[in-house]
Amino acid sequence: MHIVSLAGGIGGARFLRGLRATAPDAQITVIGNTGDDITLFGLRVCPDLDTVMYTLGGGIDEEQGWGRAKESHVVKEELAAYGVEPQWFGLGDRDFATHIVRSQMLEAGYPLSQITEALCTRWQPGVRLLPMTDDRCETHVVIDDERGRRAVHFQEWWVRMRASVPAESIALVGADTAKPAPGVLEAIEQADVVILPPSNPVVSIGTILQIPGIRAAIAAKTVVGVSPIIGGAPVRGMADACLTAIGVETSAQAVLDLYGSDLIDGWLVSPEDAGVALEGVRVIARPILMHDTVAAADIARTALDLAGELAG
């Protein structure tokens with residue numbers, strides 16, 4: 001079986017760990033969000049790609065869900081002593097090595113897809129990890145605060161402001177001219193099923209779907225999604241702030257409507273959201289909270305079983 005999954009950061013990575021456990025013989029291709037990518041201290045940082053790579057490769061900080069395990073922060077402290085900004089985005093010493101390697105390879109002319117493959121050679125995540133695009137795309141957020149109306153990088157809004165300043169709009173800068181990374185459309189074409197994990201529907205899954213050609217390719221396949229909203233609240237993170245920014249209610253129903261029946265064939269929701277419905281979509285209510293890898297594997301198995309039924 002060939003499975004394609006779209007993924008953001010923590011939630012997507014933990015779901016993928018369950019997917020890999022429940023389908024160990026499957027060929028799994030993960031298309032990762034790069035809209036969160038940012039250049040800091042002269043280094044290119046790809047938070048979502050790294051979170052997937054570290055989580056599946058056994059190097060993640062399990063408690064916080066991002067960054068490296070057994071991390072130290074000597075370089076961060078030294079940068080702060082020099083007064084170097086930004087001090088609100090903390091990179092650990094072990095993590096710095098990944099960003100240095102990536103930045104050196106970018107400078108040498110390698111595309112992000114090849115760099116990601118090279119980095120995964122060390123981590124052996126058990127999946128093929130592809131960035132959504134090799135082109136530079138960054139998510140920016142328009143806010144209006146004490147400094148006036150302005151656009152800031154998504155990471156500043158998400159990490160420094162903790163999404164506390166309401167977003168007037170969210171835009172993926174560069175999406176209109178970007179192309180899917182090599183292998184992305186081919187993987188989708190060969191897929192038996194496409195799984196949308198409970199990642200942020202606006203700035204993770206939604207960002208990937210904005211790259212020209214990806215949504216149309218996925219819509220032609222059997223697609224099963226797992227709701228990132230349980231009982232009107234995000235499973236984790238601040239997806240509600242992102243949904244509000246685009247005028248969408250924070251509910252499993254609203255996220256399903258946002259994706260649309262042209263994209264989604266099956267939708268897994270929590271028992272609290274058992275009334276969710278959309279013509280043309282098979283909705284199943286079951287526990288979808290990922291307490292651990294066993295729970296994530298159980299959810300992934302339900303998604304695959306549903307996909308098999310829908311495919312006939």
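Above this text you will find the structure in question.
Residues numbered from 1 in each chain as written. Predicted model: local features only at pLDDT ≥ 70, side-chain atom pairs only at ≥ 80, totals over all residues. Heavy atoms only, no water.

Looking at the packing of aromatic side chains
The condition is simple: Aromatic rings from Phe, Tyr and Trp, with only the six-membered ring used for Trp, were paired whenever their centres fell within 6.5 Å, and each pair was classed as stacked if the ring planes differed by under 30 degrees, edge-to-face if by over 60, and tilted otherwise. Think of it in three bands: residues with accessible area under 20% of the maximum for their type are buried, residues over 50% are exposed, and the middle band is partly exposed, with areas taken using a 1.4 Å probe on protein chains only. We count a charge as sitting over a ring when the NZ of a lysine or the CZ of an arginine lies within 6 Å of the ring centre and within 35 degrees of the ring normal.
One pass over the structure, following the stated rule, counts 7 aromatic pairs. Look at Trp-88 and Phe-89: their rings are 5.9 Å apart centre to centre, the planes differ by 75°, and that puts the pair in the edge-to-face class. You can call Phe-89 buried: its relative accessible area is 11%. Here the aromatic cluster, defined as three or more aromatic residues joined through ring pairs, consists of Phe-154, Trp-157 and Trp-158. When the ring centre of Tyr-54 is taken as origin, the NZ or CZ atom of Arg-68, which lies over that ring, is 5.6 Å away.

Focus: the side chain of Thr-133
As a reminder, the rule being used: Comment: elements are numbered from the N terminus, with helices defined as DSSP H or I runs of at least four residues and strands as E runs of at least two. Between two residues, a contact is recorded if the distance between any of their heavy atoms is within 4.5 Å.
Mapped onto the fold, Thr-133 is located in the loop between strand S5 (128-131) and strand S6 (138-145). Thr-133 sits in the buried class, given a relative accessible area of 0%. Discounting residues that sit within four places of it in the chain, Thr-133 has contacts with Thr-34, Leu-112, Ala-178, Lys-179, Pro-180, Ala-181 and Ile-211.

Considering the sheet that holds strand S8 (residues 167-173)
Here is the rule we go by: A strand pair is defined by DSSP finding two or more bridges across the two strands. Fitted lines through C-alpha atoms serve as axes, helices being fitted only where they are in contact, and the angles separating the N-to-C directions of these axes extend from 0 to 180 degrees.
Read from one edge of the open sheet, 3 strands run S7-S6-S8, paired in antiparallel fashion. Looking at the sheet topology across the chains shown, the edges are occupied by strand S7 (148-153) and S8. Strand-to-strand, the axes of this sheet are offset by a mean angle of 25°, without reference to chain direction. Inspection of the sheet shows S6 paired to S8 by 6 bridges, in the antiparallel sense. Bridging from a neighbouring strand, Ile-143 pairs with Ala-167 of S8.

Looking at the pattern of salt bridges
Let me state the cut-off plainly: The salt bridge criterion pairs a side-chain nitrogen of Lys or Arg with a carboxyl oxygen of Asp or Glu, the two atoms within 4 Å.
Per the counting criterion, the structure on display carries 11 salt bridges. Note that Glu-156 and Arg-160 form a salt bridge whose closest N and O atoms lie 3.0 Å from each other. Here Arg-160 and Glu-156 lie together in helix H6 (residues 154-160), a separation of 4 residues that amounts to about one turn. Judged by its relative accessible area of 16%, Glu-156 is buried. A salt bridge links Asp-262 to Arg-215; the nearest nitrogen and oxygen atoms lie 3.2 Å apart. Residue Asp-262 is found in the loop between helix H11 (252-259) and strand S13 (266-269), and its partner Arg-215 is found in helix H9 (residues 214-219); the two are separated by 47 residues along the sequence.

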